[in-house]
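What the coordinates show
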Amino acid sequence: MSLPQLHYTAVTSGDGVPAGRFTAVDPAIAGPVRAEAAPLLAYEAPEGTAEGLTDARIRSLPVAFGFAALSDGSHLLSRTVATGAGGFHAHAVHLLPGTPIPGRVLPVAAWGAAGWLSTTPDRTPPDPLTSMCTAHGPSRGLTREGLGDFAVSRSPWLAAVLSDLRRVSEDPAAPTVVLVERQSADVARWVALAVAVLPREHAERLTFTTYTRHPGRTTHQVVGVLPEDAPDARDPRFRVHAAAGPRPSGTTDDAWAGTAARIWRNRSPELFRDAAELPGEPFAAGPLAVTALGAGIVLGSDGRAAAADWAAERPYALDEKRTRQLTDALTSPADDRTAAECAAALRLLTALDGRCPASVTAPLAALLVTEAVRGGDVALEPPARSAFEEADGERARAGLVEELGDELLAELASGAPRGVARTVQLLRIVRLLGVDCAELLPGVVGRLARALLDDPEAGACRALPDLLDEQFDIRTALLGELDRLAPDHPADTEGLLVRVALPFTGTQSLPHLRMCAGAPGARARGADRVGTLNTVLRAAGMSPFAEPLVLRTAVGLVWGKETPTAGEARSLLGETTSDAHRTAGTWAHLVDAALAAPSGDDDAPELARELLRSFPQELGSRVRACLLLLDFAREMRSGTAEPGWADRARTLRSRAEPAEPTALEHAFAALAERLLAPGRPGEELYAFVHSGDAELIAAYGRAARRDGVPALLRADPSYVADCFIVWNAHPHAGGDWTTARTGLLEEVLRPAVRVLSAEDLAAVEEAVEREGSSRTLDAFRAWNRPSRSIGRLGRRIVGRVRRG
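The present account deals with the structure reproduced in this document. Because the structure is predicted, anything quoted here is derived from the model rather than measured. (Residues numbered from 1 in each chain as written. Predicted model: local features only at pLDDT ≥ 70, side-chain atom pairs only at ≥ 80, totals over all residues. Heavy atoms only, no water.)

1. Notes on the environment of F504
Looking at the element boundaries, F504 is found in the loop between α20 (490-499) and α21 (511-524). Under the relative-accessibility criterion, F504 is labelled buried at 12%. Distance from F504 to A19, taken between C-alpha atoms, is 90 Å for residues 485 residues apart in sequence. If we ignore the near neighbours within four places in the chain, the residues touching F504 are L479, L497, L510, L513, R514 and A517. (Helix = DSSP H or I, 4+ residues; strand = E, 2+ residues; numbered from the N terminus. Buried < 20%, exposed > 50% of the residue type's maximum accessible area, 1.4 Å probe, protein only. Contact = heavy atoms within 4.5 Å.)

If you want it as C-alpha cells, here you go:
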C-alpha cells in the first residue's frame, strides 16, 4: 500500500514573481495539511542564480530534502529541486501520526531513494519510501563507506555538531543547528551521521532540511545553508557550524559526543548498535565508551571515565572477556589521565573486587597506586588490600614496591609533602605496599601534627579518619603529638577537633585533646570565665597539681588572646598554687592582668602584691617595678605607705621605664587622692608641690576634678578653707604647679564657693583665718570678691544709653 503523496510546483510568471500550486495531491491529504505544507515545500534558488541555466547547472543547485513535523502530529518527508523554467518542483510523502516509514528506516535514508520525482507524473506511482524499502535500501553517498569518509573529512567539527544535535533532540527550545555546507548532500550526510548515533526514538523525530535561504523562518531542528546565507554565529537562536570555514578551536565538553565522534572517525558505525543494546539512559556516554574501548578505539580521559563509571554501576553487565578488555584499555599508557578518570577507575575497581580474578583487577589497582604517587590528585584514595591478593596481585604489588618504593620514602623524608592530604595519601600507600618507613615515622607524624594545627581546615580531608582507622601506630603517635602541642596551640587544636572527629576515646589519656574537645560545650553553658575554666579542667581528667600544663591549655581555651581581669587572675591564683602557674607558664597571664587593669579596678593592687610574693624569681626588673607601682597604690589607699610618697612614686616610675600606663595611673592617682584628703601630712604635700614633676601634678589635677573632691567642697567648709590655702600657696614652686593651682582655684574651688550659703561662707572664712592668718583671710575675700567689670553686656547697654 502506497503512502499519500503530493506534488507542489512553482514557475516564474511574466512579472518575474514565482507562484506555487499543488499539481497532484492524494485525496487522503486534508486541506489544512496542504496549507501547512505549502510554505515548507517552497524553494528559493541561491542568490544570484541566473535564468536560462543548462540542465546540468540546474541539477547542481541545492536540493531541499527535509523532514518536518506538522501541527496535527503527522510528518512530511519531502524533496524540492529547482526546475528549468526558473521555478521548483516539490515531491512529498505524508506520514500520519504514529505511522512509521516502511521498514522502520530513518527519514534521512530516503535521500538517495530512486522514487523521488522532479515533475508531476501522469499517474500516481508508488511512493519513494515504499519503493526504497523494496529496492533493498538507499545508495548515492549515504553508504557506510561514504559516511565514514565524510566523518573523517569533518573531524574537527564532528564532536561539536553531535553535541548540539544531542541538545536539540533533548530540548525542543534549544537553538537551531545550522550546518553551513556548499553541497546539500553534505548536509544530508551530517544528518545521517547524527541519526546513526542518536537513540532510536530521538533519531526518528529529528526534523531537518538540507537547504534553506532563511534559517530563521523554518521550524526544523537542523537546517543546511550555503555560506552566503549563514547567520551570525553570535545569534543566540542558532548554533552555527561552518565546515567551509576555518577549523574550530578548543574541545567539546561532552563525553557522549566526543566518544561518538571517535567511533565515526574509526569508521565503525556498527558499534552504535552494539552500544544501544547495553543498559543506560539515552545519551549516556558509558555504553558508547565501553563499546569503543572494547573495539580497541582510543578515547580521551572523559570517555574512559564514562566507561569506568558505567561499568562500576553495572559490574554484572559485562562478561569476563569484555571486562578484561575494558580494564586493559583503562590501564593502557596515557598522558591525559585526569582526577575524574582515576576516581572512576577506583569505583570500578571497588565494584569488581571479589567478582573478578586478580589478573583482571590487579593491573587496575597498580595503575591507581602509580597515579596516586606520581599524579597530582592528592584526594585519590589507594585501592583496598584485597586488590593485591592471589598470585597475580602479589606480583603486581612487588612490582610497585620496586618501582615506587624509593620514591615514596624520599618524598616522606624530604619534609615537604604537599600538605596534609598528600602526607595521609603517602602513608596509606606505604602501608598498602608494605614499604618499611619506621625510621621516618616520628618526623612525618610531627610534621603532620603541626600542619594540622597550622591549617585546621586541611584536617577535614576525607582520608585522615581512614588513615587513623587503618594504622593504629600512626593514630597513637599522631594523637600523642597533637596532645603535646595543644598547650601552646589550644585554639588551633580546638578548631581542628571541631572539624575532625579524632578518635581519642581509647586508652590514651590525652588530657589536652579532651579539654579542647570539651571547650565549646563549656562555653555554651554561659558561666563566668573562671567557672568555664574549671569545667574545662574537669574534662582533662587530670589535676593541675599533677599535670600543670593542663592549666596552660585551659587558660588558652578560655581567654585565648584576651587578658583576664584582675579579679579573674586573683581567682586563678587563689584556686591553683603558684607552683602550678610557674610550671605551666600561666603566671605571665596573671601579670598581664594586673598591668592591664584600669585605674578603677581595686583588684589590681591586691593582685600585684600577691604576684610579687608568689613569683619573685620570674619577674624582671621592669615588670617588678610596675607591680610595685600597683602595690604602692595599695599602700597609699590602705594608709600603710612609708613617708616620702612623691619620691617613692618617682623612683618606681624610673625603674619601670617604659612604665605601663595603667600601673602608673594607679600609683599616681592613689598618691593624688591621698594628698587631696583632709589630714594629709604637710611635709608630703610640700614635697609633692616642690617636686616639679609634671605627671604627678597632672594626676593631682585630674583627681581634684573627680566627683569626690567637688562633693566634699560643698559639704565641708573646713575642706574648702584647706584647699584654698594649699592652692593659693607656693607661688614659686614652678610653672607646672602654678598652672595647676590656678586652674583648680578657678575651675574647681570657685564653682563650689559660689553656691555656698552666707552661713557656710562665714564658716569657710572662719576656717581660713584659723588655719592660716588674717592675711590669708584677706586674700580669700579678695579672691572671692565679685568682679567690678560691667562686662560686655553692660558696656553695650551703656553705649546705647549714651547714643540715645
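2. Quick look at the packing of helix α26 (residues 587-596) against helix α28 (residues 621-638)
A pair of packed helices can be characterised by two numbers: the angle between their axes and the separation between those axes. Across the interface, α26 lies against α28 with an axial gap of 10 Å and an inter-helix angle of 50 degrees. When the interaxial angle is binned, α26 and α28 end up oblique. Helix-helix and strand crossings are classified by hand; for α26 and α28 the assignment is left-handed. Of α28, the residues touching α26 (which contributes V591, A594 and L595) are V623, C626, L627 and L630. Here the contact of α26 with α28 is built from residues that sort into 7 nonpolar, no polar and no charged. (Axes fitted to C-alpha atoms, helices over the stretch in contact; angles between N-to-C directions. Parallel < 35°, antiparallel > 145°, perpendicular 65-115°, else oblique. Left-handed = near helix turned anticlockwise from the far one by under 90°. Nonpolar A, V, L, I, M, F, W, Y, C, P; charged D, E, K, R; others polar.)

3. Topic: unusual backbone geometry
Across the junction of E657 and P658, the peptide omega takes the value -10 degrees, indicating a cis bond. Among the secondary structure elements, P658 is positioned in the loop between α29 (645-655) and α30 (661-676). Its identity as a non-glycine residue notwithstanding, L510 has a phi of 45 degrees, on the positive side. For L510, the position within the fold is in the loop between α20 and α21. Residue class for L510 comes out buried when judged on its relative accessible area of 4%.

4. Notes on the packing of helix α11 (residues 301-313) against helix α13 (residues 339-352)
Axis separation between α11 and α13 bottoms out at 8 Å; the angle between their running directions is 25 degrees. For the element pair α11 / α13, the angle class is roughly parallel. For α11 against α13, the interelement crossing comes out left-handed. Contacts between α11 and α13 involve S301, R304, A305, A308, D309, A311 and A312 from the first element and A340, E341, A344, A345, R347, L348 and A351 from the second. When the residues that make up the contact of α11 with α13 are grouped by side-chain class, the tally is 9 nonpolar, 1 polar and 4 charged.

5. Notes on the nonpolar core
Judged by nonpolar contacts, the single largest core of 231 residues is most densely connected at F688, Y700, W727 and L749. Excluding residues within four positions of it along the chain, F688 makes contact with A646, L675, L696, I697, Y700 and W737. Ranked by size, the runner-up nonpolar core spans 20 residues in total, among them L6, Y8, I58 and F88. (Core = buried A, V, L, I, M, F, W, Y, C linked by side-chain atoms within 4.5 Å.)

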